Amino acid sequence: MIITKDIQAIDSAHYMHPFTDHKSLSEKGARIITKADGVYIWDSEGNKIFDAMSGLWCVNVGYGRQELIDAATKQMSELPYYNSFFQTTNVPAVKLAEKIVKLAGDNYSHVFFSSSGSESNDTNIRMVRHYWATLGQPERTVIISRNNAYHGSTMAGASLGGMTGMHAQGGMPIPGIVHIEQPYHYGLAPTENRDAFGLCAAGWLEAKILEVGTDKIAAFIGEPVQGAGGVIIPPKTYWPEIQRICDKYGILLICDEVICGFGRVGKWFGSQLFGAKPDLMTFAKGVTSGYLPLGGVVIGKRVAEVLIEKGGEFNHGYTYSGHPVACAVALANIDILEREDLVERVLNETGPYLAQKYTELAHHPLVGGAESIGLMAGFVLMQDKQNHIAFDEEVGVGMICRGHCFASGLIMRAVGDRMIIAPPLCTTKAQVDEMMALIVKCLDATLNDLTQRGLMEALTLKMNVA
Ligand code: PXG
C-alpha cells in the first residue's frame, strides 16, 4: 500500500528530477504514477489518466505488453549483459541492427547502438567529424542546427538543440555548433503562403552555409517534426529543399528521428514521409517503446563505407552499446508494430482520424494553428486568434491549461502556449474520441478559468461586436 504523502516527502528529500523547479514541486508534491495499461496510467490516489504523451513520446505500443516482458525475461536469463568492444558481439544486437537497416531502406548499411537519444547525438558529432577527417577535410567540423530544436540534454545534445533556457546553464553551445531559425509557419509567418515559407526557411540553411564557409560545414541536423519544441510540423516544401541544399554543398544530413522514428508519423522514419534521405538517423524512445533504454544511429552507406574502409578504429563507444536485453525488447517491440500494422494504421486510419478531429478543434475560441501529423498534434492557446494575438507570457496560459488536463485525467503537454499530444500508436479511433472529448473539456475549463480571471474580455468584446 503506497502512502502518497510519505513517498512525496522522500521524493522531495532525495530525488532530484529532470527539468524540475524543486522548490515549487516540494510545495505541492509530485504525482506518483503506480501502474499502467494500454493508453492509461494510474496514480497513487487511484486516478485513471489518459496518457496522450505516450510517457515521454516513447510508449508507442502502449503499456502492459506481455511480449516485451517475456523477451526481457528470456534474454536476462540467457545473457543479461555482454559488451561488443573487444571483437565480441551478441545475437539480439546483430538481429536488431539487421532489422533496423531493413526498415530504414537501401541507403543504409549499419547501426551504432547507445542507450539514449542524447548519447546518439554525441555519437553523431564524433562520427561526422571523424568522417570528414578521414576524407582529408578535418576543417569541416561545424554542425548547423535550428532554434527551438531538441537533441538531448548532454553537453553535445543540448548544444545541438536550440533551447535558450538550456544554453543559459553551463556554457553552451559548445564550439562548432551554429543555429538557424526553425520552420515554424504559424509562429513566424502565418500570413505567408505555407509552401513558400517552407522554401524560405530552408533557404536559411544555405545562407548559413555561405556565411560560415562551405568548406567548414560538416553536417546539418534536424528533427523531421520538432517534438519537444511544440510539434512544429514543417511545410511539405521544407525537407526536399533542405536535402537539395545539403546535396549541393556535399554536407551530411542528420535526421534526429528520436520522436518521429518507429511509426509516430505513419512511416518507420519521419524522413521517409518528408522526402529526405539523411546520411545518419538518430533513434531512441520508440525503438523499445520505452520499456528499456536504447538508442542509436542508423548509418548511411556513404558514411559507413568511408568509416569502415578508411577510418581505422573509431575511438568511441558505450558500456551499454548493443545491450542484449534492450535489443531483445526492441526486436519484440518491432514485432508488435509489424504484426498489428500499427505504422500503417497511423498513416491511413488513426492519423487521418486525428487530423479530422484537430480540424474540428480549430473552431474552439482558444485554439490557434491546430495541426497534426500521424499521431502527434499541437495547437496554440491564443487570446484573440482572429487577430493573431497571443497571451501575455506572464499569464502562463499553457500551464493553466495543463493544470485543467491533470485535474480531468488527461496528460497533454504544454510547451509555452502550445499544447501538444503524442498518444500511443495503438490508440484506437474510439480512444481518439475519448481523448478529444477530454481535450475539449479541458479547453472549456481553461476558457472559463481565463474568463473569470478577466483575461478574455478583449475577445468577448470583439465577439459581441461581430
Ligand atoms: N532527440 C530528440 C528529437 C528528442 O526528442 C532526444 C534527442 C534525447 O533523448 P534522451 O533519450 O537522451 O532523452 C530527445 C528527447 C519534452 C522532452 O519535454 C523531450 C525529450 C526528452 C525530454 C523531454 O518533450 N526528447
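Residues numbered from 1 in each chain as written. Predicted model: local features only at pLDDT ≥ 70, side-chain atom pairs only at ≥ 80, totals over all residues. Heavy atoms only, no water.

A few words now on the overall build of the protein chain. Regarding its fold elements, the protein chain presents 18 helices and 16 strands. Expected size for 466 residues packed as a compact globule is a radius of gyration near 23 Å; at 23 Å, the protein chain falls within 12% of this value. Out of the 466 residues belonging to the protein chain, those deemed buried represent 55%. Excluding contacts between residues fewer than 6 apart, the proportion of contacts in the protein chain whose partners are at least 24 apart in sequence is 71%. Element-wise, carbon and sulfur atoms account for 56% of the exposed surface of the protein chain, whose accessible area totals about 20200 Å². Each charge sign in the protein chain was given a centre, from 39 positive and 49 negative side chains, and these centres are 2 Å apart. (Helix = DSSP H or I, 4+ residues; strand = E, 2+ residues; numbered from the N terminus. Rg over C-alpha atoms; globule rule 2.2 N^0.38 Å. Buried < 20%, exposed > 50% of the residue type's maximum accessible area, 1.4 Å probe, protein only. Contact = heavy atoms within 4.5 Å. Areas by Shrake-Rupley, 256 points an atom, 1.4 Å probe, with all protein chains shown as cover. Lys, Arg positive; Asp, Glu negative; His and termini not counted. Charge placed at Lys NZ, Arg CZ, Asp CG, Glu CD.)

The next point concerns the nonpolar core. Generally speaking, a soluble globular protein has its nonpolar side chains buried in company with each other. Ranked by size, the top nonpolar core spans 72 residues in total, and within it Ile100, Phe113, Phe262, Phe379, Leu410 and Ile439 carry the most contacts. When residues of this core are assigned to domains, at least three fall in each of domain 1 (31-61 + 341-465) and domain 2 (67-339). Ala202, Leu205, Trp239 and Val415 belong to the second largest nonpolar core, which has 41 residues in total. (Core = buried A, V, L, I, M, F, W, Y, C linked by side-chain atoms within 4.5 Å. Domains from an automatic or database assignment.)

Right, let's get into unusual backbone geometry. In the segment running from methionine 172 into proline 173, the intervening peptide bond is cis, with an omega of 0 degrees. In this structure, proline 173 sits in the loop between α8 (164-167) and β6 (177-180). In this model, glutamine 87 sits at a positive phi of 60 degrees, which is unusual for a non-glycine residue. Secondary-structure assignment places glutamine 87 in the loop between α4 (66-78) and α5 (91-104).

What follows concerns the pattern of salt bridges. What the rule picks out here adds up to 18 salt bridges. In this structure, the salt-bridge partner of aspartate 449 is arginine 453, at a minimum N-O distance of 2.8 Å. We classify aspartate 449 as buried; its relative accessible area is 16%. Taken together, the shared-partner salt bridges in this structure form one network comprising Glu67, Asp335 and Arg339. (Salt bridge = Lys/Arg side-chain N within 4 Å of Asp/Glu carboxyl O.)

It is worth spelling out the sheet that holds strand β10 (residues 295-300) at this point. A sheet is described by the order of its strands in space; here seven strands give the open sequence β4-β10-β9-β8-β7-β5-β6, paired in mixed fashion. Each having just a single partner strand, β4 (108-114) and β6 make up the two edges of the open sheet. Each strand of the sheet is rotated relative to its neighbour by a mean of 20 degrees, with strand direction disregarded. Of the pairings in the sheet, the one linking strand β5 (residues 142-146) to strand β7 (residues 217-222) comprises three bridges and is parallel in character. Among the inter-strand pairings, isoleucine 143 is bridged to a residue of β7, identified as alanine 219. Set on the sheet, α5 makes contact with β4, β9 (280-283) and β10; between it and β4 the angle comes to about 130 degrees. (Pairing = 2+ DSSP bridges. Axes fitted to C-alpha atoms, helices over the stretch in contact; angles between N-to-C directions.)

Attention now moves to the pairing of strand β16 (residues 418-421). Burial along β16 is two-sided: the face carrying Arg418 and Ile420 and the face carrying Met419 and Ile421 are both buried. One ladder, built from four bridges, connects strand β12 (residues 376-384) with β16; its direction is antiparallel. Counterpart to glycine 378 in the pairing with β16 is isoleucine 420. Count of turn residues in the strand β15 (residues 413-415)/β16 antiparallel hairpin: two residues, of which glycine 416 carries a positive phi of about 60 degrees.

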